[in-house]
Protein chains: 2
Amino acid sequence: MITHPDFACEPWCLRAVGLDLEVLAQAESVFALSNGHIGWRGNLDEGEPHGLPGSYLNGVHELRPLPYAESGYGYPESGQTVINVTNGKLIRLLVDDEPFDVRYGELRSHERELDFRAGVLRRRAEWASPSGCPIRVVSTRMVSFTQRSVAAICYEVEPLDGSVRLVVQSELVANEQLPPPGGDPRVAAVLESPLVAQENTARDARVGLVHTTMHSGLCLAVAMDHLVEGPPGTSVQAESLPDLGRVTVTAVVKPGQRLRLVKFVAYGWSGSRSLPAVRAQSDAALAGAVQTGWDGLLAEQRAYLDAFWANADVILEGDTEIQQAVRFSLFHILQAGARAEGRAIPAKGLTGPGYDGHSFWDSEAYVLPVLTHVVPEAAAHALRWRHTTLPLAIERARQLGHRGATFPWRTIHGEECSSYWPAGAAAFHINADIADAVVHYVDMTGDEDFERDIGLEMLAQTARLWHSLGHHDSLGRFHLDGMTGPDEYSAVADDNVYTNLMARRNLLAAADAARRHPGRARELDVGEEETAAWRDAAESMHIPYDAALGVHPQAEGFTRHQVWDFDATKAEDYPLMLHFPYFDLYRRQVVKQADLVLAMFRCGESFTPEQKARNFTYYERLTVRDSSLSACPQAVIAAEVGHLSLAYDYLGEVALMDLADLEHNTHDGLHIAALAGSWIALVAGLAGMRGRHDDLSFAPRLPEGLTRLAFRIALRRGCLGVDVRPGSAVYTMENGEPVSIRHHGRPISVAPGASASCPIPAGPAVPSAPTQPRGREPVRRRPPSGLATVPG
Amino acid sequence: MITHPDFACEPWCLRAVGLDLEVLAQAESVFALSNGHIGWRGNLDEGEPHGLPGSYLNGVHELRPLPYAESGYGYPESGQTVINVTNGKLIRLLVDDEPFDVRYGELRSHERELDFRAGVLRRRAEWASPSGCPIRVVSTRMVSFTQRSVAAICYEVEPLDGSVRLVVQSELVANEQLPPPGGDPRVAAVLESPLVAQENTARDARVGLVHTTMHSGLCLAVAMDHLVEGPPGTSVQAESLPDLGRVTVTAVVKPGQRLRLVKFVAYGWSGSRSLPAVRAQSDAALAGAVQTGWDGLLAEQRAYLDAFWANADVILEGDTEIQQAVRFSLFHILQAGARAEGRAIPAKGLTGPGYDGHSFWDSEAYVLPVLTHVVPEAAAHALRWRHTTLPLAIERARQLGHRGATFPWRTIHGEECSSYWPAGAAAFHINADIADAVVHYVDMTGDEDFERDIGLEMLAQTARLWHSLGHHDSLGRFHLDGMTGPDEYSAVADDNVYTNLMARRNLLAAADAARRHPGRARELDVGEEETAAWRDAAESMHIPYDAALGVHPQAEGFTRHQVWDFDATKAEDYPLMLHFPYFDLYRRQVVKQADLVLAMFRCGESFTPEQKARNFTYYERLTVRDSSLSACPQAVIAAEVGHLSLAYDYLGEVALMDLADLEHNTHDGLHIAALAGSWIALVAGLAGMRGRHDDLSFAPRLPEGLTRLAFRIALRRGCLGVDVRPGSAVYTMENGEPVSIRHHGRPISVAPGASASCPIPAGPAVPSAPTQPRGREPVRRRPPSGLATVPG
């Protein structure tokens, strides 16, 4: 946990005043810069102290054997792990031969600021060396959204009292020493010295290093160049070693003068092109960046972000903390996906090595639905990446004895890297999550070319999988047995409701898309008999229901199981998976993360309002939220069934997941899906957005304390603005086509350029609040409304 | 498979005429000698060629880390593996400087014979060296039943044509090079050079080696001494190196003369005593063996086995192959358990390194029931070993969050070594299997001291476990959720019928034993409230039943699952676990090994005859017998429900499991439980024995072709002889107390020294034969009776 939150609450930036070394690693994650291609953790310029040094390139990974004491058929033998690539962030400073290190001397002031609109990380420090020489360091760091291979730093030093000799060493360091991994199985395996030096060059203020990886066969080139401004006599010198590039700037600087260094860094890598080609690529990118110049890069960055915020911004009045958090979230979602282009969006983006740098189902289930509304082209890129892995997914399904395609539970490059099949191979729902992301993207954007060229094939291959995985029983009901749903405290159960509902949707969507694109369907060998079989399976899909309790079991038999003994579970026993064996978790009623509740969100049409209310209350008392993916759907359904105050609490939890380090693992990277979840909790939760583009509905209602929620969503070729205040909501079609929506069930139509203001009906009687497992209640965002209205 | 079975069919020995190098490893397993403490595989005296060299000491193991790519709470971190100890079998021979190696020169004849009554392995070979010099080698090898630490070899060479110079090298070799392990995950991990040399000594014809193990901290001493008889001029010389002891005998031998060497080998080891103590132990054992002499050892061995066979022999007339096989089985069961004394009976005995040398549930569920009837003191020893591991089992239960004790799924020393929890930790039925072995031993022997001192504690701790593992539902039914039953093609299911029935028995037996031993119960803190809770859980135990199909599901939901597509499964796809992923096996109706059928055998009182018949037919069509543990209970229930011909087929399969290498892994050791299974298939199958000592029942009926089945069982302080012929059965109480038994339901009483002859009633109408999965039918032991009666 970030125990000493020193993040000032400002609407458009995240500012840390002071420097708490206890939470250095967490701060490195939240201050990470990325464009989806390059990722730089928010390490201090001078490299040390650090929590976890980190520089990443999306897709650059090493292979490692996956060991099994007892192996089994179909277990993957090789895993993929993100590696820490050449660090281009380093700028070390000597002040009269004493290294600038915040642990020594006197740190008089320190401030960092992540600017969501400028897209830069600023730092300002005043420090006196152990011998008493005070200086000011100001640095600004960026990873460019517009020049995908480029990052840059502007670094300025000035003496505050008397003349000093300054030596600035701007470095590239490969194979940095990393801290040893902890005992938590979720922590990424750290690979030592993954880079093999191939070439190093240095001339003027420019250095280049080229490395390859040992097993994954990748080639990686990094080059840096510098602009130096200093007093007369400033000297610049470059040198290189196999794992080190260094440009040394030496100057004697008097008060009133300063030494200014602009560092341009360009990265290039490839798994297929030659070393000269990759080297040329980074050199070219570097040349482009130098020509653009620092100010030019800043201006491009600002323009890119202005365009982003124009569509993506969410205004929340009445809660400055969440206002800041949601912009922080949107900024990091953009950073994770903006320029991934042909690569995955990892669970931790490029902010840390957590989860081995793998991408999971939550990219499609949480991140892409948001990107589809705020940066649709990034969503398309992410889905195109999945499509490039389709041949591997088809091969994997074949290996497992099934038709169609099964995408990997966790991967970087496309091969399955999960070594624990009950929570890996058995979690087939990822295929329906991917299919649903395709359907959602096509529906909201109307991108028919995408559907024909990419989407139909993905839908058809996943539909084939479901049809192959399931079977009809003697009563004609279609079952999916032995599946693991989203909740990781259950596994390998029959008829998981989430999986079955999502598979049903997948089957129907594939059949519908095949009907819309008959030529492409023929190319894919999808015939009428096959689509008829898909529709039949979908229509016969069995959804278990516990009539005695009046609730849906998460999966067959779930509600008959013993309820976990929450009263005997101590606070330090959470997360449960680190203190109890899977066998005992799996056979009890205890829910790590929303599963049936997620089904009610994603497939709400399959539940009556009464079922939703009963189910929600039932699962609230079982859900411990040991996953960052849980609070978001709980917020959404809490809002839908009328627990508005609770929805607000869960919104707070999901929005502060990383800023308050609620899962205790922000140190190895941010939870990108949870960041997306804060947008979902607002838009699908408080504003109640559901449905397809031609049947979009809203049911906005603000919890006490919030006075305004405004956001825009990309919708076909236009943009729909929604502005909710306590008594009414205004819907504005800013451009594009006329849109028919529903407001609290009432159909309204909005023409382009026009607005419709709709009063918000009085809410239903507030049902009695559900309870959570003892000690797992969310932090109350506001006092209960009953108390709040009592005069103080 | 032993593709060229050259085993002659003889009633009291296993003889192999000729030497097939293709099945060398399998022959080494079936010709292995052991006394339960020392195990020597049937390697050729000269060491090479070999399939798999092997010398084992029960309990001597090394530790190895159990790797997990994704770890989890409660996963064991360290495994135990049997190691190949110092080889004391080696006797190399040079004939005029050409090594005796059956691959070179001319092997004119070769014969091996395992004598079940003498307890020796004899070998006789005539060989001409490449230069044409013919000799005869005759060797006799034994591992002594009476002198537990001793093995011995008598080795004789004589020239057949002309004088030769013979050099005989009798060796001790530590850290033998072993063949690399194959890809089959069941093959034991082979550890290279597990022994660390500590001491080596040589004088006269005597050599000693002392080693320790690196991680498990064991000390191991081996010593050998020799008696040499040869023509005048025969010289003897001893030498030693850290990993080699050698006595070299040189002689020029003329036709009519021979060179004779008797080699005595003594082993000692300990995990706690000092090197000098262990060395002294092996030296003392060696001195005793030398004093006894070769003829003395032979005489002791014969006397021991005469006493064994007097009680244990099974006579089967009409099928010489099975007559031989069942004596082979009994001999190897004796070898596995006779002198284990404080150590486990491993799944492969001491005949090979298969399953890492681990002991599993089948020791208690298959082997001990047989030992209890034929060598009851060996059963008591095996249970006492389990009892020594009780503290580890209590600690393991605590680690997993439960009360009582949970014994390891696989182990050598007592710690859990299973790294795949769905088929390890979740297979809790092993605890009920152990408890039932305790109950059965106490019941049949009347050993009340054992029950009070050992048994009650084991029953109480396992009953505590079951009470802790289960829970009552809202209807008051007691459930055991998330358990893995015997069938390894299903896992982690609710209310596995076998597990629930066996747990019920465990709970009641514990409560009953506590009532019989109130003082001991108080010592164990077993009070009346606790035993009442055990009885309540037992009486409320839920046994699922599929009323629509009229069969018991193996576990809740099983009969609703999709039936495996047997028609699409090719012969080479078996065993299925090597060609299909667990996730797909677990969710289908496909049975690796008898599970519900085993429940009907072990807990027959819980099923009506009609249920047994329907269940048997239902599971026959699902059971592929990819486990050696399956045919035995299938034989038993086939006989009970009237499929006598099928019972005979399964008897044939289980009896020939290793002699015909039906599971394709006899090369790394025999299947001790399947060997026990052939006795069970005869006694519980064809003779229909069931019940407790005071309510023992038989329902003998011989399949066509068999003319007599006779056996004895130890019963309390007496021995009951059963002699079945086609029309009648004779029951003889050979000594002990009067016994009341039932014959086909009819009560009869037999006084000591008296016999009762009972006619066998006509059998019921033969029901139509059940079917098995395509290609998995057992080999028909005889033509169907309808055909057999047609004159030829």
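Calculation criteria
Here the residue index of a chain counts from 1 through its sequence in written order. In the order they appear in the text, chains get letters beginning with A and ligands get numbers beginning with 1. Note on the predicted model: pLDDT of at least 70 is required for a residue's local features to be given, and 80 or more for side-chain atom pairs to be given and counted; whole-chain, interface and lining totals, by contrast, use all residues. The basis for the side-chain values is all heavy atoms of the structure; hydrogens and waters are excluded. Alignment of the copies relies on least squares applied to C-alpha atoms, considering only residues that score at least 70 for pLDDT in both. Only heavy atoms enter the contact rule, under which two residues are in contact if any of them lie within 4.5 Å. Pairing of aromatic rings covers Phe, Tyr and Trp, the last through its six-membered ring, and needs centres within 6.5 Å; plane angles under 30 degrees mean stacked, over 60 mean edge-to-face, and all others mean tilted. Working rule: Lys NZ or Arg CZ, within 6 Å of ring centre, within 35 degrees of ring normal, means a charge sits over the ring. For this analysis, a salt bridge means a side-chain nitrogen from Lys or Arg found within 4 Å of a carboxyl oxygen belonging to Asp or Glu. A 1.4 Å probe rolled over the protein chains alone gives each residue an accessible area, and that area as a share of the maximum for its type sets the label: buried under 20%, exposed over 50%, partly exposed in between. Numbered from the N terminus, helices here are DSSP runs of H or I no shorter than four residues, and strands are runs of E no shorter than two. Given the number of residues in a helix, its expected span is that number minus one, multiplied by 1.5 Å. The seven residues ending at a residue and the seven starting there each receive a fitted axis; the angle between those axes is the bend at that residue. Two strands qualify as a pair provided DSSP detects at least 2 bridges between them. For this classification, the nonpolar set comprises Ala, Val, Leu, Ile, Met, Phe, Trp, Tyr, Cys and Pro, the charged set comprises Asp, Glu, Lys and Arg, and every other residue, Gly included, is treated as polar. Only buried residues count toward a nonpolar core, which is a set of Ala, Val, Leu, Ile, Met, Phe, Trp, Tyr and Cys residues joined through side-chain atoms within 4.5 Å. Values of pLDDT, which run from 0 to 100, indicate the predictor's confidence residue by residue. Orientation is described by lines fitted to C-alpha atoms, with helices fitted over the stretch in contact, and by angles between N-to-C directions that extend from 0 to 180 degrees. For classification purposes, angles smaller than 35 degrees are called roughly parallel, those larger than 145 roughly antiparallel, those between 65 and 115 roughly perpendicular, and all remaining angles oblique. Throughout, a crossing is termed right-handed when the near helix is turned clockwise from the far one, and left-handed when it is turned anticlockwise from it by less than a right angle. Within this analysis, the arc is defined by the directions that extend from the helix axis to the C-beta atoms.

Superposition of the two copies of the chain requires a rotation about an axis and a shift along the axis. Overlaying chain A on chain B yields an RMSD of 0.0 Å, the required transformation being a rotation through 180° with an accompanying axial translation of 0.0 Å. Accordingly, the operation relating the two chain copies is best matched by a two-fold axis. Counting the interface residues of chain A, we find that 100% of their copies in chain B are interface residues as well, pointing to one common contact surface.

Turning our eyes to something else, we now look at the packing of aromatic side chains. Per the stated rule, a full pass over the model turns up 44 aromatic pairs over all chains. Ring geometry for W361 of chain A versus Y366 of chain A: centroids 5.8 Å apart, planes at 85°, classification edge-to-face. The interplanar angle of 50° and the centroid separation of 4.9 Å between the aromatic rings of Y68 of chain B and Y75 of chain B together place this pair among those described as tilted. Ring pairs connect the aromatic residues Y68, Y75 and W421 of chain A together with Y420, Y582 and Y586 of chain B, which therefore count as one cluster. Between R327 of chain A and the ring centre of W12 of chain A, over which it is positioned, the NZ or CZ distance is 3.7 Å. If you follow R621 of chain B out to its NZ or CZ, it ends over the ring of Y618 of chain B, 4.7 Å from the centre.

Attention shifts here to the pattern of salt bridges. Residues and elements named next belong to chain A. This model, assessed by the stated rule, comprises 126 salt bridges over all chains. As a salt-bridge pair, R246 and E239 come within 3.5 Å of each other at their nearest N and O atoms. Close ionic contact of D573 with K570 constitutes a salt bridge, the shortest N to O distance being 3.8 Å. Judged by its relative accessible area of 11%, D573 falls in the buried class. Judged by its relative accessible area of 45%, K570 falls in the partly exposed class.

A rise of 1.5 Å per residue sets the reference length of helix α2 (residues 275-312) of chain B, with its 38 residues, at 56 Å; its end C-alpha atoms lie only 40 Å apart and thus fall more than 12% short of the reference. Largest kink in α2 of chain B: about 95°, centred on G293 of chain B.

Turning our attention to the sheet that holds strand β3 (residues 33-34) of chain B. The strands making up a sheet associate through hydrogen bonds between their backbones, and the pairing can be parallel or antiparallel. Residues and elements named next belong to chain B. On the basis of which strands lie adjacent, the open sheet formed by 3 strands has the order β3-β4-β5 and antiparallel pairing. The outermost strands of the open sheet, each flanked by one partner alone, are β3 and β5 (55-57). Where β3 meets strand β4 (residues 38-40), 2 bridges bridge the pair, whose relative direction is antiparallel. Of the residues in β4, the one forming a bridge with S34 is G39.

Once that is clear, we can look at the interface of chain A and chain B. Opposite the 43 residues of chain A that make contact, chain B presents 44 residues. At the junction of chain A and chain B, the tally comes to 8 salt bridges. Among the elements that line the side of chain A that touches chain B, the one with the most residues is helix α12 (residues 582-586) of chain A, at 4 residues. Tallied by class, the residues present in the side of chain A that touches chain B amount to 21 nonpolar, 12 polar and 10 charged.

Our next topic: the environment of E317 of chain B. Residue placement: E317 of chain B occurs in strand β21 (residues 314-317). A C-alpha to C-alpha distance of 8.9 Å links E317 of chain B and A710 of chain B, two positions 393 residues apart in sequence.

This brings us to the nonpolar core. With 470 residues, the main nonpolar core has L720 of chain A together with L720 of chain B as its most contacted residues. Once residues within four sequence positions are removed from consideration, L720 of chain A is found in contact with L696, F698, F711, R712, I713, L715, Y731, T732, M733, V739 and I741 of chain A.

Take the side chain of H643 of chain A next. In this structure, H643 of chain A sits in the loop between α15 (631-640) and α16 (644-655). Ignoring anything within four residues of it in the chain, the contact list for H643 of chain A reads F616, T617, A638, P767, S768, A769 and P770 of chain A.

This paragraph deals with the confidence of the model for chain A. Caution is warranted with low-pLDDT regions, since their predicted coordinates should not be read in detail. All names here are of chain A. Residue-level pLDDT values for chain A average 95, and 96% of them are 70 or greater. Low pLDDT, under 50, characterises residues 783-792; the predicted model gives this stretch 4 contacts beyond four residues in sequence or across chains. Our summary of model confidence lists the complex with pTM equal to 0.94 and ipTM equal to 0.92.

All names here are of chain A. Where α16 contacts helix α17 (residues 672-686), the two axes come as close as 8 Å, and the packing angle between them is 160°. When the axis of α16 is compared with that of α17, the two are roughly antiparallel. Where α16 crosses over α17, the two elements pack in a sense that is left-handed. Side by side, α16 and α17 meet where L644, A647, L651, V654 and A655 of the first sit next to A674, G677, S678, A681, L682 and L686 of the second.

On to unusual backbone geometry. A cis amide bond links E48 of chain A to the next residue, P49 of chain A, at an omega of -5°. Note on placement: P49 of chain A falls in the loop between β4 (38-40) and β5 (55-57). Residue E341 of chain B is not a glycine yet carries a positive backbone phi of 40°. Secondary-structure assignment places E341 of chain B in the loop between α3 (320-337) and α4 (361-374). Residues other than glycine seldom take positive phi values, yet Y355 of chain B does so here, at roughly 50°.

Let's shift gears to the sheet that holds strand β31 (residues 746-750) of chain B. Residue and element names in this part refer to chain B. Read across the open sheet, the 3 strands follow the order β26-β30-β31; overall the sheet is mixed. At either end of the open sheet lies a strand with only one pairing partner, and these are β26 (696-698) and β31. Recorded for the sheet is a direction-independent mean angle of 35° between the axes of neighbouring strands. The pairing of β26 with strand β30 (residues 739-743) spans 3 bridges and is parallel. Paired with F698 across the strands is H743, a residue of β30.

Residues and elements named next belong to chain A. Under the 1.5 Å per step criterion, the end-to-end length of helix α11 (residues 528-539) is 16 Å for 12 residues, consistent within 8% with the ideal 16 Å. Within α11, the full set of buried residues consists of T531, W534, R535, A537 and A538. Along α11, the residues classed as buried sweep out an arc of 160° about the axis, all on the same side. Residues E528, E529 and E539 are exposed on α11 and point more than 90 degrees away from its buried face.

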